[in-house]
Structure formats: C-alpha cells, structure tokens
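Next come the chains, spelled out residue by residue.
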Amino acid sequence: MQEASLITYLISYPRYELFIELTNQIFWDGYAENLALENPAAFQLEYAEFLNDFNY
C-alpha cells in the first residue's frame, strides 16, 4: 500500500481521528501522520496498541 493511500484508508475510520488527537496532545501536532509516512510498521503497531487499550 502506498503512503498516501494508507493515510486515506485510515482517515475513513473514526477511531483514527481520536488517535490523531491523542498523539497530538501527547507528542506534537502531526506526530501520527509523520510516523505513518516515515515508518508505517511502527505506526500500525502504535495504532493497534491504541485500539487494543481502549477495546476497539
């Protein structure tokens, strides 16, 4: 999956927006988007942990 299509795919999920907001508050604005582009595997791991932690 290409980088831009990964972002487009994930934006379609409501929990993704919550994940973005949370990481913006914890780290810095754009953290999750930057991670998704630079290291998709790490992004997927962090997003999966977020979903698992909140039982989504």
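Residues numbered from 1 in each chain as written. Predicted model: local features only at pLDDT ≥ 70, side-chain atom pairs only at ≥ 80, totals over all residues. Heavy atoms only, no water.

Asker: Break down a nonpolar patch on the surface for me, citing the residues and quoting the values.
Answerer: Judged by side-chain polarity, Ile26, Phe27 and Trp28 come together as a nonpolar surface patch covering roughly 340 Å² of accessible area. Here Ile26 lies in helix H2 (residues 14–26). You can call Ile26 exposed: its relative accessible area is 52%. (Patch = residues over 30% accessible without salt bridge, like charges linked within 9 Å, V, L, I, M, F, W, Y side chains within 5 Å. Areas by Shrake-Rupley, 256 points an atom, 1.4 Å probe, with all protein chains shown as cover. Salt bridge = Lys/Arg side-chain N within 4 Å of Asp/Glu carboxyl O. Helix = DSSP H or I, 4+ residues; strand = E, 2+ residues; numbered from the N terminus. Buried < 20%, exposed > 50% of the residue type's maximum accessible area, 1.4 Å probe, protein only.)

Asker: So what about the packing of aromatic side chains? Which residues, and what values?
Answerer: The final tally for this structure, using the stated rule, is 10 aromatic pairs. Measuring from ring centre to ring centre gives 4.2 Å for Phe27 and Tyr31, while their planes differ by 25°; the resulting arrangement is stacked. Residue classification places Phe27 among the partly exposed residues on the basis of a relative accessible area of 43%. For the pair Phe43 and Tyr47, a centre-to-centre distance of 5.9 Å together with 15° between the ring planes defines the contact as stacked. One end of the pair is Phe43 and the other is Tyr47, both in helix H4 (residues 40–53) and 4 residues apart, which spans about a single turn. With respect to class, Phe43 is no different from Tyr47; both count as buried. (Phe/Tyr/Trp six-rings, centres within 6.5 Å; stacked < 30°, edge-to-face > 60°.)

Asker: Could you give an account of the nonpolar core, naming the residues involved and the relevant values?
Answerer: In this structure, Tyr16, Phe19, Ile20, Tyr31, Ala32, Leu35, Ala36, Phe43, Tyr47, Phe50 and Leu51 together form the largest nonpolar core, which totals 11 residues. Those elements giving two or more residues to this core turn out to be H2, helix H3 (31–38) and H4. Leaving out residues up to four positions away in the same chain, Ile20 has contacts with Ala32 and Glu33. (Core = buried A, V, L, I, M, F, W, Y, C linked by side-chain atoms within 4.5 Å. Contact = heavy atoms within 4.5 Å.)

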